[in-house]
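Below are the chains, spelled out letter by letter.
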Amino acid sequence: MIHRTKQAQSVKAKAGRKLLVIDGTSFCYRAYYAIRSLANSKGEPTNAIYGFITMIRKLIQDEAPDYLAICFDRKEPTFRHEKFKDYKAHRKPMPDDLVEQLEPIKEFCRAYRYPLFEKAGFEADDIIGTLAVQGEKDGLEVFIVTGDKDVMQLVTEHVKIINPHRDDVVYDAEKVKKKFEGLGPDKIVDLMALMGDASDNIPGVPGIGEKTAVKLIQQFGSVENLISQANQISSKSQRAMIQDHSEEARLSKELAKIDVNVPLDYQWGDMVCQDPDRERLVRLLTRYEFKTLLKEQMPTGEAKLTERRYRIIKNEKDLQELIHILEKAEAFSFDTETTSSDSMQAHLVGLSFSWKEFEAAYVPVSSEHHHAQGMPQAEVLGKIRPLLENGKFKKYGQNIKYDWIVMKRHGVTLRGVVFDSMIASYLINPLRRFHNLDDLALEYLSVKKITTESLIGKGKNQQSMADVPVDQIGNYACEDADCVMRLQPILNKRLDELGLTNLYQTVELPLMEVLAIMEMHGVALDVGLLKKLSDDMAKNLSALTEEIYREAGEEFNINSTKQLGDILFVKMKLPVIKRTKTGYSTDEGVLEKLSMTYELPKRILEYREQAKLKSTYLDALPQMIHPETGYVHTSYNQVVTATGRLSSSEPNLQNIPVKTETGRQIRKTFISRSRGDKHGKIVSADYSQIELRILAHLSEDRNLVDAFQHDRDVHKFTATLLYGVSENDVTREMRDVAKTINFSIIYGKTAYGLSQDLGISVSEADGFIKQYFSRYPAIHDYLESQKQKARQVGYLTTILGRRSYFPDILSKNM
C-alpha cells in the first residue's frame, strides 16, 4: 500500500506530466554493493542506507519528475509461489546487514516524503506494472527505473525504462527491438518463457538460451504457436526439448508475466514530489550520522537567531565593561581568531568570549603583522592578560591547545582551563572521525555554523582572516564561543553518565598543557647531516635506476604502475599475483612475493623504500624548520586514535624508521639542544615488559604475578613452563619462542598467526597456545571474560575508565 502524506492534492493526473517509478528493492541491493564497510559509531551498518539516499536524490534531481513512486518487494510469498513452489528457490537470501537496513531506508523515504508502495502477495514489478499502465491511461509519460530485463514487457510509446546499471540508458520500444533482433516489448514474456530466468528460478526450456529463444519467437510469434507447431522446428534437439518441456514453457510464461492489475489504494495527488519532513529527516540523519546530508538540511545559524546577543568591542570603554562581565561570570568560553591554522606561525586577529548562552563578544585587534582593524594588540592584551592568566576564572574552549600556544607566543599564559569540547567529544566517542566544532554544534545543538571557508575561501583563493571585514568575523567568532558555552553542560553530563569525568579532569585536560609546551619547545635537527644523507641517497637512487633499467632491458617510468606492470608481466612474463580494475597490481605485497625468486622486483622495492625516505624525511624535514625558533614543531594529536594513544603529525615523529640502516641514519639527524658550548643529551626510556606486567595485574594469574614479584626473567620463566625444564636449561631459542608466545597471546594471535611467526606447523603452534593457557589459566579466563563483555556491551574500559569500542564484534562477516 502507499504511505500517504497529509498534503494529498488533486485525484486526476495532469496529462503530459512525468511519472518516475523506481524499483526500490533493486536500488537497495545496488546501494549495498556499491558502498561497503560503512557504519555509524554504534556499529550499525549504514552503507545501503547512505547509498540508497544519495542515488535516489540524484535520480530525482536529474529526472525532475512530477509524480514519484518507489516500489518494494515484501517477504511474504506471492501468487507465483502458489503456482510454482520453487519460484526464486535458488536465490541467495538477502545479506543480514542489508535486511537490517531495509526499514531505516523506508523511514528515510517517508522523511523525504517519497511515496512508497508495497503489497503482500505481489512483487515490486507487479506494482510497477500496475502504476505504469494506469499512468499511461491517465496521459502521463512514465519512466521506470530498474535493471530487470523482464520489465521491458511494459515498454510502450509512453512507458520507457531507465536502466541504472547501464549508465541510465533509456529503453523505448525501438531500443528493445534492437536488443532482441526485432522483437518488441510484447514478445519479452515469450522469450522469458523459453530461456527462463536463473535469478528467479523460472525454469524455461532446458538448452534454450537467449539467441535460440529469439530465433524461435521470430519464426513462430509466440510460445503457444511454437508448442502447437513444434513439428515444424528444424532442429531435432530443439524440437524434442520443446515437446518434452511444453508445460514448463507455459508455466514460465505465467511466472514471467507482470500482473498489471494489483489492487492499490492511491491517488496521483499523493505522488506529487514534495519538500521533505525536515524535522523527521534531521532526526534520522543525526541518528545514522550522515553529517554531509545533515548540513544540507540545516539553515545556517538556527531557529533561535533572535535570541543571540553578539557584539563587537571597538573601544576601551566597551572592553573594560566586557572584562567586568567576565570577572563576575562563573566561567566563560574563549577563542582566538588568527592569520594561520599553524599555532606556531599564527598572529592574533581577535579574541572572542561567551559567558552565557546566546551571549558573546568579539574583540578585534590591530598589529604590525596584518592590516586587520581593531584596538592595538598591546593595549588589548595588557588589559585582558590578568583575566586570562588568573586560574580562578574558569575557561572553556574548543581545541584550546591551539589557543594556549597562540597566547603564549603573544606573552600570555592561559590558566584555569576546565573544559575543552573537542577532548570531551573524543572521550565520549573515540570512534567518530571528526570532533570539530561545526560537527559538534550540528549534532548536539542543531546549529549549522558559519563555516571558515565562507569567510576566507579555500585553495588558491584563500585569504587571511585578517582580510575579512570585522563585522563578518565578529558573528563567526561570537558563534564559536557561544557554541562552546552551550556544549559544556551537555558534554559534561555525558562524560558523567559514561564514567569519564575523572579521566577527563585528571589526565586529558592536564595533558593538553603538557603537549602544548612540548610542541612549543620543538625538536632540533642536524641539517648538515640531512643534506649529506639526501645527496648520498640521490646517488644511490641514480645507480639503482640504472640497475633497474638494465634488468628490464629498457628505460621506463619506475613510478608508473602501468609501465611497471607491462615490464614485469607482459615483457618479462613474470607470474601475475593480483589484478586490479585497471590492470596488473604492483603493490608491495606482490613485489615481495616476486622478489623471492626474481631480481627486478627486489630492486623496485629498494627503489621505492629509498625514494620514500628521501622525500618524506631527508628533503621534507629541513623545510619544516621554524624560521624564528630554528626547530621543528610537530603537532601532538590527543583526539585521533581510537585507543587513546597520542599521534604526531607534520612531521610524524612517531614513525621515523628504525629497522633499516637508512632509517637508523635518519634517526641520527634528530639531535639534542645545545646551550652555549654545552651539548645536551637525548634520553630514551622504556618500560620493562609493561604489557605483561599490566596483564599480570589485570588477570591476577598466580604464576605470572609470582614471576614479576621475584624479579625473574619472565620469558625464561614462561619457557620453563612450556618446555618443563629448569631456568638454567632454557636455551636462547626456547626463550625466543616463549617471548613470541607471551606477546602473541596478549594481542590475540591465532595458531595460524603464531605458526607464521615461529616457522612451525599450525598444530605445533596450537599445542603451544594450549600449553601456555594450561600454565597461565587465569590469563585465559581473563581474556575470555573480556571478549564476552565486549560482545555484551560493545566496549571495554581501561583502568582509568577510558572506553574502547568494538562496534563490529558481533558482525557475521569474520
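Residues numbered from 1 in each chain as written. Predicted model: local features only at pLDDT ≥ 70, side-chain atom pairs only at ≥ 80, totals over all residues. Heavy atoms only, no water.

1. Remarks on the overall build of the protein chain
- Along its length, the protein chain carries 34 helices and 23 strands.
- Projected onto its principal axes, the C-alpha coordinates of the protein chain cover approximately 110 × 80 × 60 Å.
- By element, 49% of the accessible surface of the protein chain is carried by carbon and sulfur atoms, the whole surface being about 42,100 Å².
- Taking the average location of the 112 positive side-chain charges in the protein chain and that of its 115 negative ones, the two points are 1 Å from each other. (Helix = DSSP H or I, 4+ residues; strand = E, 2+ residues; numbered from the N terminus. Areas by Shrake-Rupley, 256 points an atom, 1.4 Å probe, with all protein chains shown as cover. Lys, Arg positive; Asp, Glu negative; His and termini not counted. Charge placed at Lys NZ, Arg CZ, Asp CG, Glu CD.)

2. Observations regarding the confidence of the model for the protein chain
- Mean pLDDT over the protein chain: 88, with 96% of residues reaching 70 or higher.
- For residues 1-11, every residue scores under 50 in pLDDT, and the model assigns this stretch 33 contacts once sequence neighbours within four places are set aside. (pLDDT = per-residue confidence, 0-100. Contact = heavy atoms within 4.5 Å.)

3. With respect to helix H17 (residues 421-428)
- By the criterion of burial, H17 is predominantly enclosed, with eight of the eight residues buried.
- Considered for burial, the residues of H17 that qualify are Ser-421, Met-422, Ile-423, Ala-424, Ser-425, Tyr-426, Leu-427 and Ile-428.
- Along its buried surface, H17 packs onto strand S12 (394-397), strand S13 (417-420), helix H18 (437-445), helix H20 (470-497), helix H21 (501-521) and strand S23 (803-805).
- Between a side-chain oxygen at the N-terminus of H17 and the backbone nitrogen of Met-422 the separation is 2.9 Å; the capping residue is Asp-420. (Buried < 20%, exposed > 50% of the residue type's maximum accessible area, 1.4 Å probe, protein only. Polar contact = N/O pair within 3.5 Å; in protein donor to acceptor, adjacent residues only side chain to side chain.)

4. Overview of a nonpolar patch on the surface
- A surface patch of nonpolar side chains, about 370 Å² in accessible area, is lined by Ile-694, Leu-698, Ile-799 and Leu-800.
- Mapped onto the elements of the fold, Ile-694 is located in helix H28 (residues 690-699).
- With relative accessibility at 39%, the residue Ile-694 sits in the partly exposed group. (Patch = residues over 30% accessible without salt bridge, like charges linked within 9 Å, V, L, I, M, F, W, Y side chains within 5 Å. Salt bridge = Lys/Arg side-chain N within 4 Å of Asp/Glu carboxyl O.)

5. Regarding the nonpolar core
- Phe-332, Leu-351, Phe-353, Ile-384 and Leu-388 are the most contacted members of the largest nonpolar core, which totals 62 residues.
- When sequence neighbours within four positions are dropped, the list of residues in contact with Phe-332 reads Leu-326, Phe-353, Ser-354, Trp-355, Leu-387, Leu-388, Phe-393, Lys-394, Lys-395, Tyr-396 and Met-485.
- In this structure, Phe-180, Met-192, Leu-264 and Val-272 belong to the second largest nonpolar core, which totals 59 residues. (Core = buried A, V, L, I, M, F, W, Y, C linked by side-chain atoms within 4.5 Å.)

6. A short note on the sheet that holds strand S1 (residues 18-23)
- Read from one edge to the other, the open sheet built from six strands follows the order S3-S2-S1-S4-S5-S6, with strand pairing classed as mixed. Taken across any chain shown, the strands that pair with only one partner, and hence form the sheet edges, are strand S3 (116-117) and strand S6 (169-171).
- Sheet analysis places strand S4 (residues 141-145) next to strand S5 (residues 159-163), joined by four bridges and oriented parallel. Within S5, the position partnered with Val-142 by the bridge is Val-159.
- Where helix H1 (residues 24-34) meets the sheet, its contacts fall on S1, strand S2 (67-71) and S4, and the angle it forms with S1 comes to roughly 55°. (Pairing = 2+ DSSP bridges. Axes fitted to C-alpha atoms, helices over the stretch in contact; angles between N-to-C directions.)

7. Brief notes about unusual backbone geometry
- Glu-650 connects to Pro-651 through a cis peptide bond whose omega is -5°.
- Turning to its location among the elements, Pro-651 is positioned in the loop between strand S18 (647-649) and helix H27 (661-667).
- One non-glycine residue, Glu-650, lies in the positive phi region at around 50°.
- Position of Glu-650 among the secondary structure elements: in the loop between S18 and H27.
- Backbone geometry places Gln-689, a non-glycine residue, at a positive phi of 50°.
- Structurally, the position occupied by Gln-689 is in the loop between strand S21 (678-679) and H28.
- When its relative accessible area of 19% is taken as the criterion, Gln-689 is described as buried.

8. Some thoughts on the pattern of salt bridges
- Summed over the entire model, instances satisfying the criterion amount to 40 salt bridges.
- Lys-356 is the partner of Glu-359 in a salt bridge, and the nearest nitrogen-oxygen pair spans 3.9 Å.
- On the accessibility criterion, Lys-356 (48% relative accessible area) is partly exposed.

9. Re the packing of H28 against helix H34 (residues 777-793)
- For the pair H28 and H34, the least separation of the axes is 9 Å and the interaxial angle reads 80°. With respect to H34, the axis of H28 lies roughly perpendicular. Contacts from Leu-695, Leu-698 and Ser-699 of H28 reach H34 at Ala-778, Ile-779 and Tyr-782.
- In terms of residue class, the contact of H28 with H34 is built from five nonpolar, one polar and no charged. (Parallel < 35°, antiparallel > 145°, perpendicular 65-115°, else oblique. Nonpolar A, V, L, I, M, F, W, Y, C, P; charged D, E, K, R; others polar.)

10. Thoughts on the packing of aromatic side chains
- Summed over all chains, the structure comprises 20 aromatic pairs.
- Measuring from centroid to centroid gives 6.0 Å for Tyr-67 and Trp-268, while their planes differ by 55°, and the two rings are tilted. Taken as a pair, Tyr-67 in strand S2 and Trp-268 in the loop between helix H11 (246-256) and helix H12 (278-287) lie far apart in primary sequence, 201 residues in all.
- Among the residues examined, Tyr-67 registers a relative accessible area of 5% and is labelled buried.
- Residue class for Trp-268 comes out buried when judged on its relative accessible area of 3%.
- Lying over the aromatic face of Phe-72, Lys-106 brings its terminal NZ or CZ to 5.2 Å of the ring centre.
- Here the guanidinium or amino end of Arg-673 rests over the ring plane of Tyr-631, the centre of that ring lying 4.0 Å away. (Phe/Tyr/Trp six-rings, centres within 6.5 Å; stacked < 30°, edge-to-face > 60°. Lys NZ or Arg CZ within 6 Å of the ring centre and 35° of its normal.)

11. Focus: the packing of helix H4 (residues 96-111) against H12
- Between H4 and H12, the least distance of the axes is 8 Å, while the angle of their chain directions is 150°. Regarding the angle of H4 to H12, the classification is roughly antiparallel. When you trace H4 past H12, the crossing you get is left-handed. Contacts from Glu-107, Phe-108, Arg-110 and Ala-111 in H4 reach Arg-280, Leu-281, Leu-284 and Leu-285 in H12.
- Of the residues assigned to the contact of H4 with H12, the class counts are five nonpolar, no polar and three charged. (Left-handed = near helix turned anticlockwise from the far one by under 90°.)

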